[in-house]
Amino acid sequence: MAHDSSDLPCDGDGHCMICKIKPPEEETLTCKTCVTPWHLNCLSSRPETLARVAQWECPDCSSLVSSGPPPAVRRWRGVGI
Ligand SMILES: [Zn+2]
Ligand SMILES: [Zn+2]
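A short tour of the structure in this document, coming up. This structure is a prediction, so every number in the text was calculated from the model and none was measured.

### Topic: the overall build of the chain
Turning to step 1, where the next piece is worked out: From N to C terminus, the chain includes two helices and two strands.
Turning to step 2, where the next piece is worked out: Scored against the burial criterion, the 81 residues of the chain give a buried share of 9%.
Turning to step 3, where the next piece is worked out: Residue pairs in contact within the chain that sit at least 24 positions apart in sequence constitute 44% of those at least 6 positions apart.

Structural data, given as structure tokens:
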């Protein structure tokens, strides 16, 4: 698995793993999928609007969605062996 992203979430104590501070609540962004807190100021790609913050997905979860195989790659061989 290639790791081309340098984004890191907050650790279990709520400290950002990039800048090592504990960000205030208004600088914390929580992923809607894994509910992990992230430091807004250290994100490489921030949500554009406040409306998007409620539906924000962290880089880890959004890369899982986009890395799935395209439908054309689905294989049906191997059936009936
Ligand atoms: Zn940070
Ligand atoms: Zn997530």
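### Here's the deal with the environment of His-39
Turning to step 1, where the next piece is worked out: For His-39, the position within the fold is in strand 2 (residues 37-39).
Turning to step 2, where the next piece is worked out: Given 24 C-beta atoms within 10 Å, His-39 falls into the buried group.
Turning to step 3, where the next piece is worked out: Considering only alpha carbons, one finds His-39 and Leu-29, ten residues apart in sequence, at a separation of 6.2 Å.

### Here's the deal with unusual backbone geometry
As a rule of thumb, non-glycine residues mostly have phi less than zero, and peptide bonds are mostly trans rather than cis.
Turning to step 1, where the next piece is worked out: We note that Lys-20 has phi near 65°; this positive angle belongs to a residue other than glycine.
Turning to step 2, where the next piece is worked out: Inspection of the secondary structure assignment puts Lys-20 in the segment before strand 1 (28-30).
Turning to step 3, where the next piece is worked out: Even without a glycine there, the phi angle at Val-35 is positive, about 60°.
Turning to step 4, where the next piece is worked out: If you trace the backbone, Val-35 turns up in the loop between strand 1 and strand 2.

### Regarding the nonpolar core
Turning to step 1, where the next piece is worked out: In this structure, Cys-10, Cys-16, Leu-29, Trp-38 and Cys-58 together form the largest nonpolar core, which totals five residues.
Turning to step 2, where the next piece is worked out: Those residues in contact with Trp-38, other than ones at most four positions away along the chain, are Pro-9, Cys-10, Leu-29, Cys-31, Leu-43 and Cys-58.

### A closer look at the environment of Leu-43
Turning to step 1, where the next piece is worked out: As for its position among the elements, Leu-43 is in the loop between strand 2 and helix 1 (50-53).
Turning to step 2, where the next piece is worked out: Judged by the 17 C-beta atoms lying within 10 Å of it, Leu-43 is partly exposed.
Turning to step 3, where the next piece is worked out: Sequence separation of Leu-43 and Ile-18 is 25 residues, and the distance between their C-alpha atoms is 9.5 Å.
Turning to step 4, where the next piece is worked out: Setting aside residues no more than four positions away along its own chain, Leu-43 makes contact with Asp-7, Leu-29 and Trp-38.

Reading the values: the criteria
Residues numbered from 1 in each chain as written. Chains lettered and ligands numbered in written order. Predicted model: local features only at pLDDT ≥ 70, side-chain atom pairs only at ≥ 80, totals over all residues. Helix = DSSP H or I, 4+ residues; strand = E, 2+ residues; numbered from the N terminus. Buried ≥ 20, exposed ≤ 12 C-beta atoms within 10 Å, placed from the backbone. Contact = placed C-beta atoms within 7 Å. Core = buried A, V, L, I, M, F, W, Y, C linked by C-beta atoms within 7 Å.

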